[in-house]
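Okay, here's what each chain looks like letter by letter:
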Amino acid sequence: MSDSITLSDDLIHGIYNVIVQHDANVEKNMMLALQYLSAVSGYLAAGYPGNDNERDEVIDQLAAFAKHVAAQEAQDSAAQQQPAAPQGRSEQTDDPAVGIWKPE
C-alpha cells in the first residue's frame, strides 16, 4: 500500500458526482453510494496480480484502511464542531473559592 494519499473535497465530490450521474438514487441513499464505491474497489481488486490469498489480503487491508479513514474523519469532524473555549481571565477575590471571570 502507498505510504500516503491525498484526499480533497474536490476529489471526493467529483467521485460522488460521477456516481450520482450514473444513478440518481445515490443522492437519497448513502448506503447505495457506499455500495458503488465498494463494488468499484472489488472490481479493481479482481485484477490485482497474485493469487487468491494475496488478493484477499489486499482487500482486507483496504477494509481496515477504510475503517481508519472513517474513524479519523469522524474524530476531525467532531473536533471542528466543538465550540472554542471562551477567552478571558479570572480575577481573584477576597474569597479564595470564588473568582470573577472577565472576557477578553
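Everything here concerns the structure above.
Because the structure is a prediction, the values reported are computed rather than measured.

Let us now look at the overall build of the protein. In terms of helices and strands, the protein carries 3 helices and 2 strands. The order of helices and strands in the protein, counted from the N terminus, is α-α-α-β-β. Going through the 104 residues of the protein one by one, you find that 8% of them count as buried. For the protein, restricting intrachain contacts to residue pairs at least 6 apart in sequence, the fraction spanning at least 24 positions comes to 10%.

Size it by volume and the largest pocket reaches roughly 1,600 Å³. Along the wall of the largest pocket there are 37 residues; nearest its centre are L7, L37, S41, A66 and V69. At the level of elements, helix 1 (9-22), helix 2 (30-46) and helix 3 (52-81) are the ones that each hand at least two residues to the lining of the largest pocket. Of the residues forming the lining of the largest pocket, the biggest block, 11 residues, is contributed by helix 3. Taken together, the residues that form the lining of the largest pocket break down as 24 nonpolar, 9 polar and 4 charged.

Thresholds applied
- Residues numbered from 1 in each chain as written.
- Predicted model: local features only at pLDDT ≥ 70, side-chain atom pairs only at ≥ 80, totals over all residues.
- Heavy atoms only, no water.
- Helix = DSSP H or I, 4+ residues; strand = E, 2+ residues; numbered from the N terminus.
- Buried < 20%, exposed > 50% of the residue type's maximum accessible area, 1.4 Å probe, protein only.
- Contact = heavy atoms within 4.5 Å.
- 1 Å grid on protein atoms, 1.4 Å probe; cavity = no way out; pocket = protein on both sides within 12 Å on 5 of 7 lines; lining within 4 Å.
- Points joined across faces, edges and corners; volume = space filled by probe spheres on them.
- Nonpolar A, V, L, I, M, F, W, Y, C, P; charged D, E, K, R; others polar.

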